[in-house]
Amino acid sequence: MSVFDQLAMGFNIALTLDNLGYCLLGSAIGTMVGVLPGISPVTTIAMLLPITFKIPAVSAMIMLAGIYYGAHHAGSTTAIMLNMPGEPSSVVICMDGHPMARQGRAGVALCIAAIGSFFASCVGIIVITLFSPVLSEAGLLFGAPEYAALVAVALMTASVMSTGHAVTTFGMAILGLLIGTVGTDVGTGLERFTFSVPDLADGVDFVSVAVGVFAFAEVAQHMGSPDRRKSFAVRFSELFPRLADLKQAFPAILRGTGLGAALGILPGTGPLVASFASYALERQIAKDKSRFGKGAIEGVAGPESADNAAAMTHFIPMLGLGIPAGPAMAMMLGALTIQGVTPGPQLMTNHPDLFWGVVASMWIGNVMLLVLNLPMIGVWIKFLSIPYRFLYPGIILFCCIGVYSVRNSAFDVLLAAALGLFGVLARQLNCSPAPLVLGLVLGPIFEENFRRSMTLSNGDPMIFFTHPISAVLLVLSVAFVVTMSVSGVRKRKQDIVAVADDAP
Amino acid sequence: MEPNAPKAGGSAGPRHYHVADKPLFLSGLMFLAIAVGTIAIAWDYPLGSASEMGPGYFPIALAVVLGLIGAISTVLAVRTTVERKLPAFPYLPAFSIAIGVLGFGILLPRFGLVLASLFLLVCITYQRIRTKPIEFVVVTAVLIVFSSLLFVEFLGIPLELWP
C-alpha cells in the first residue's frame, strides 16, 4: 500500500463523527491548557486517562494528541498578550511577542504565530508520515544492544537538555531507572524493593509518579505564589501583518520549522529546546541584533514554528519505536498499553488503523486549531481571568481519581501523594522531574535489553560497539553531549531563561 | 572568587569551605542517601555475573552510579563560583496537598468517592473556609457533583459513591 492509500484509510477513520468530535474536544482542551499557565499537557492527559479507557484506542489517541499539539499552538497567545507563557516552550515568545503587543502590533504577532504554527505543524505531520514507517522498519531490525543504546541516548540527551545542572539531571534519570527496577524481576521472579506491598509487585505505576511529580508539585508551587494579575496596555491598532512583516517572518518560520522538526525527533529534546534554539539562532544570524527583545518579528515566528514542528515530530519515536521522547509521550504510551496496544516498532504493522487514523486526525486538528486560535482568541483570554484558586482543586481532584482508576489501586494514590512531596523537594533543589519520568518509563526496556546484550556477549561490554547501529548511536550522543556542554549553548539557554524569568 | 567567610554548611577547620550552590549540594546529599539506602536493601539480592545478571546487579550498579553523581554534585557545589540560594519551601501548600491526597486514597475504598473528595477538597482549600465560606461550599459541591456524574455515572468507573 502506498502512503496515499494508507492516508486515505486514515482519513476514513478520522472523519467519522465520533472521531471528529474527539479531535475537536482534544484541540479545544489543548488550547485551554496552552492558554492557562499552571496546567500542562502532561497533567491534563493524566486527568483524562480514565476517559480513555472507555473509548476505542484510536479515538483516545486522537484526543490526547489533540491536547498535546493544541497546547503548543496556543501557548504563544498569552505570551504575546500578557507576557505570561501558557507553556514553558512559549517563554521565549514573551521576549519579542509582548513588546510587539505593547507597540500595538498584537494582532500582527498573533497572526504570524498562528501562521507559523500552522505551517510548522503541516511540515511536522509530513515528516511523521514519511519518517515513521522508515523508522519502524529500522526498528524491527533492532536487537537488544541497539535498544539499550537507544535508551541510553535518550536519557543522555534528556539530561543535557533539561534545566538544572547536567550532573543533577543525569542523576534524576538514573533515579528514574532505579525506581523502574521496583517490582518483580523478569528473569528470576524475585521481588525487588517491594517491602511486601502487593501493589508494588507489578512495579511503580508511572501515572502516580507523573501526577505526583508534575501535577501535585506544580500546584504546590503555584499555590505558594500569589496570583499575579497584570494588565498591560495592549493596543490593537494593527490587526493584520503587512507584506513586509510576512517577508521578514517567513525565512524565520522556515528555519524554525527545520530546527524544530529535527530536534523533536531526538528523545530528550522537544518543543522547549527547539523554541530556545530557534530564538538563539534567529538572534545570532540577525543583521541587527539589538532589535531582539524589543519586538523583532523573527523572535516570534522562529520559536513558534520550532515549538510546533517539534511538537509534531515528538510523536515519531513513540509511534515508530515505542520509545517516548518526553513525559507527555510517556503518558500516551501508557494510555496505549492500558488499551491493550503494545507499543514498539510493530505498532505500525499491527495497528495501521491506529497510526494512520491519528496522523489523519492531525491534519484535521491543525485546521481546527487555526480557527480556534485566531477568531476565538477573545474567549480564551476571558478564561485567563479565572483565578487560579478555582482551578486547582478540580485539577487535584481529577488527578486523584485518574490515578486511582488506572489500576483501581488506592496505593497508587498514596504513592502519588508521597511523590508530590518529593516533586516539590526536587524543584527546590533544582532537579528537573522530566528525566525521572523518562528513566522510569524506559527503565524496564533498558534493563531487559542490557541484560540480554550482556548475556549474548558473555559479559563483554564491547558488544555495544561491535554492533554498528548501537556504536553509531552511542558515539553520536556522546558527541552531542560534549558539543552542548562545551559550546556554551546550555549556558546561553540558561541565560535566556533567567532573563525571561526576571522580565515581569 | 569565592567569598571565604564560613557560612551554614561549611566545615570548621583551618580551611573554610563555602557551599556556594546550596541546591546542588543538597541534591547531591539526597542522591547519596538514596544510593546508600538502595545498596543496603539490595545487598541480599543475588548478584550474578555480568553475563548472567541476577536481580541485584542492575539496581546496585545504578545505585553506585547515583552515589558517584551525588558525591560529584557535593564537590561541585563547594567548588563552584555561582551562588545559588534555596528558594522558600512551600510547606503549607505542599503538605496540605499531600495530606489531602493521602486521605483521599485511604478513604476512597471504604467510604466512597463523595466523602473522600470532601476530605481532599477541605484539605487543599482550607484557607477559604474562613475567608470565603460561601465560595468554598459552592465550589466544593459543584466539583463533587460534577466528578461523581462524570466518572461514575457517565464513564462507569467502578467507584462507590457512598460507604
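## Quick look at the overall build of chain B
Okay, so step 1: Secondary structure assignment for chain B yields 5 helices and 0 strands.
Okay, so step 2: For chain B, the α and β elements follow one another from N to C terminus as α-α-α-α-α.
Okay, so step 3: Within chain B, the proportion of its 163 residues that are buried is 36%.
Okay, so step 4: Counting contacts in chain B only where the partners sit at least 6 residues apart, residues at least 24 apart contribute 55% of the total.

## What to know about the overall build of chain A
Okay, so step 1: Secondary structure assignment for chain A yields 22 helices and 2 strands.
Okay, so step 2: Relative to the compact-globule value of 23 Å for 504 residues, chain A shows a C-alpha radius of gyration of 22 Å, a close match.
Okay, so step 3: Principal axes of the C-alpha set define a box for chain A whose edges measure 70 × 50 × 45 Å.
Okay, so step 4: Residues classed as buried in chain A amount to 62% of the 504 residues present.
Okay, so step 5: Here the analysis covers contacts within chain A between residues at least 6 apart in sequence; of these, 80% occur between residues at least 24 apart.

## Quick notes on the confidence of the model for chain B
All names here are of chain B.
Okay, so step 1: For chain B, the mean per-residue pLDDT works out to 79, and 86% of the residues sit at or above 70.
Okay, so step 2: Mean pLDDT values over the elements of chain B span from 74, in helix H4 (residues 126-131), up to 89, in helix H2 (residues 57-79).
Okay, so step 3: Contacts for the low-pLDDT stretch residues 1-14, under 50 throughout, to residues beyond four places or in other chains number 17 contacts.
Okay, so step 4: Predicted complex, confidence summary: ipTM 0.82, pTM 0.80.

## Some points on the interface of chain A and chain B
Okay, so step 1: Facing the 54 residues of chain A at the interface are 56 residues of chain B.
Okay, so step 2: Every element with two or more residues in the side of chain A that touches chain B is listed here: helix H3 (41-54), helix H7 (166-180), helix H8 (206-224), helix H17 (388-407), helix H18 (410-428) and helix H19 (434-456) of chain A.
Okay, so step 3: Per element, the largest residue contribution to the side of chain A that touches chain B is 10 residues, and it comes from H17 of chain A.
Okay, so step 4: When grouped by side-chain class, the residues that make up the side of chain A that touches chain B number 32 nonpolar, 17 polar and 5 charged.

## What to know about the packing of helix H9 (residues 243-265) of chain A against helix H10 (residues 271-285) of chain A
Residues and elements named next belong to chain A.
Okay, so step 1: It is at 9 Å that the axes of H9 and H10 come closest, and there the two elements cross at 145°. Seen along the crossing, H9 lies across H10 with a hand that is right-handed. Contacts from Ala252, Arg255, Gly256, Leu259, Gly260, Leu263 and Gly264 in H9 reach Pro271, Val273, Ala274, Ala277, Ser278, Leu281 and Glu282 in H10.
Okay, so step 2: Considered class by class, the residues forming the contact of H9 with H10 number 8 nonpolar, 4 polar and 2 charged.

Conventions we followed
Residues numbered from 1 in each chain as written. Chains lettered and ligands numbered in written order. Predicted model: local features only at pLDDT ≥ 70, side-chain atom pairs only at ≥ 80, totals over all residues. Helix = DSSP H or I, 4+ residues; strand = E, 2+ residues; numbered from the N terminus. Buried ≥ 20, exposed ≤ 12 C-beta atoms within 10 Å, placed from the backbone. Contact = placed C-beta atoms within 7 Å. Rg over C-alpha atoms; globule rule 2.2 N^0.38 Å. pLDDT = per-residue confidence, 0-100. Nonpolar A, V, L, I, M, F, W, Y, C, P; charged D, E, K, R; others polar. Axes fitted to C-alpha atoms, helices over the stretch in contact; angles between N-to-C directions. Left-handed = near helix turned anticlockwise from the far one by under 90°.

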